[in-house]
Amino acid sequence: MTGGIYEYPFQMKADAFRLVFHSDNSTSHSGFQISYKLLSSCGNGLYWDPPISLIPGLFPSNVPCFTQVSERKGTINSPYYPHSYPNNLDCVYEFMRDSPFVCGVRMKVVSFELDKPVDTQLGGACLDFFHAPGCGFLCGSLRFIWTAKYQPGATSLKFHFHSDEKIGRSGFQIAFEQTYDCTSVSTQRQLHSYTRPTLS
């Protein structure tokens, strides 16, 4: 990752975020040094505020692919699930934090089938992806449990689904619960996922 440049936006009304470093009991290395700069604009980074598409095939035709979630628990899904999701789509799922004691959103896959990742000279890349904060860009066939944490002071947390111009798959359905406990459940991920550094 030497020389990598990343932009991480603050969540809505957050007053801080945390970069987490963890080491195990195996071989040690020299570690890292990271320079940072607080930005007034995050329009060009990987973690910029995503666009919101209109969902094709619906009436009326101006329905945005945006879901604001205020419930404590439930499910979210890709458009037209369990049928194929549309091409060239950007959807945003925004979870509203109703209490400062809610620390995160715990997610458990019911079904997850996006396009498989492709190999590039720089490693794997997702063309269709579900971006979960602190977890990275997820694609392919997955089963996982993940808790996405709110940044200190944040009032909402956004997840982003993107599809490209190729044939879509059945998409996803994910069960969620806004939780007061972000420490007791370990993350479980299988198969293909391509992630950035952990951020909460």
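Details of the structure are given in the entry above.
Residue indices begin from 1 for each chain and proceed along its sequence in written order. Residues qualify for local features only when their pLDDT is at least 70, as the model is predicted, and side-chain atom pairs are given and counted only at 80 or more; totals for whole chains, interfaces and linings, by contrast, use all residues. Computation of side-chain values: all heavy atoms of the structure, hydrogens and water removed.

Caption draft 1: Representation of unusual backbone geometry within the structure. Note the cis peptide between Tyr81 and Pro82, where omega equals 10°. Along the polypeptide, Pro82 turns up in the loop between β2 (73-77) and β3 (89-96). At Tyr80, a residue that is not glycine, the phi angle is positive and equals roughly 70°. Tracing the backbone shows Tyr80 in the loop between β2 and β3. The phi angle at Asn88 is positive, at roughly 50°, despite the residue not being glycine. Secondary structure is summarised from DSSP: a helix means a run of H or I of at least four residues, a strand means a run of E of at least two, and numbering begins at the N terminus for each. Relative to the elements of secondary structure, Asn88 occurs in the loop between β2 and β3.

Caption draft 2: The arrangement of the state of the cysteines in detail. Any two cysteine sulfur atoms within 2.5 Å of one another count as a disulfide. A complete count under the given rule lists three disulfides for this structure. Across a sulfur-sulfur distance of 1.9 Å, Cys65 and Cys91 are joined as a disulfide pair. Torsion about the S-S bond of the Cys65 and Cys91 cystine: about 85°, corresponding to right-handed handedness. Taken together, the positions of Cys65 in the segment before β1 (66-69) and Cys91 in strand β3 put the pair 26 residues apart, joining distant regions of the chain. In terms of burial, Cys65 and Cys91 fall into one category: buried. A disulfide bridge connects Cys126 with Cys139, and the sulfur atoms are separated by 2.1 Å. The S-S bond linking Cys126 to Cys139 shows a torsion near -65°; that makes this disulfide left-handed. You can see Cys126 sitting in the loop between β6 (123-125) and β7 (129-132) and its partner Cys139 sitting in the loop between β8 (136-138) and β9 (144-149), a full 13 residues away along the chain. Throughout this description, buried means an accessible area under 20% of the type-specific maximum (1.4 Å probe, protein chains only), exposed means over 50%, and partly exposed covers the range between.

Caption draft 3: Broad picture of the pattern of salt bridges. By salt bridge we mean one thing: a side-chain nitrogen of Lys or Arg within 4 Å of a carboxyl oxygen of Asp or Glu. Counting across every chain of the model gives two salt bridges. Between Asp98 and Arg72 there is a salt bridge, with the nearest N and O atoms lying 2.9 Å from each other. Of this pair, Asp98 sits in the loop between β3 and β4 (104-113) while Arg72 sits in the loop between β1 and β2, and the two are 26 residues apart along the sequence. On the basis of relative accessibility, which here comes to 30%, the residue Arg72 falls in the partly exposed class. One salt bridge in this structure joins Asp115 and Arg169, with 3.1 Å as the shortest N-O distance. Residue Asp115 is found in the loop between β4 and β5 (118-120), and its partner Arg169 is found in the loop between β10 (156-163) and β11 (171-179); the two are separated by 54 residues along the sequence. Owing to a relative accessible area of 11%, Asp115 belongs among the buried residues under this scheme.

Caption draft 4: Expanded view of the packing of aromatic side chains. For this analysis, a ring pair means two rings from Phe, Tyr or Trp (six-membered ring only for Trp) whose centres lie within 6.5 Å, classed as stacked if their planes differ by under 30 degrees, edge-to-face if by over 60, and tilted for the remaining angles. Applying the stated rule across the entire model yields 12 aromatic pairs. Judged by centre distance (5.0 Å) and plane angle (80°), the rings of Phe95 and Phe176 are edge-to-face. Here Phe95, found in strand β3, pairs with Phe176, found in strand β11; they are 81 residues apart in sequence, far enough to count as distant. Neither residue differs from the other here; Phe95 and Phe176 are each classed as buried. Here Phe129 and Phe137 contribute two aromatic rings whose centre-to-centre distance is 5.0 Å and whose plane-to-plane angle is 90°, an arrangement assigned as edge-to-face. Taking relative accessible area as the criterion, Phe129 reaches 12% and is therefore assigned buried. Phe137 sits in the buried class, given a relative accessible area of 13%. Connected via pairs of aromatic rings, a cluster forms that spans Tyr85, Tyr93, Phe95, Phe112, Phe130, Phe144, Phe159, Phe161, Phe172 and Phe176.

Caption draft 5: Focus on the pairing of β3. A large share of β3 lies buried, amounting to seven of its eight residues. Bridge count for β1 against β3 is four bridges, and the pairing is parallel. Paired with Gln68 across the strands is Glu94, a residue of β3. Pairing between strands is defined by DSSP: at least two bridges between the two strands are required. Across eight bridges, β3 lies against β10 in antiparallel orientation.

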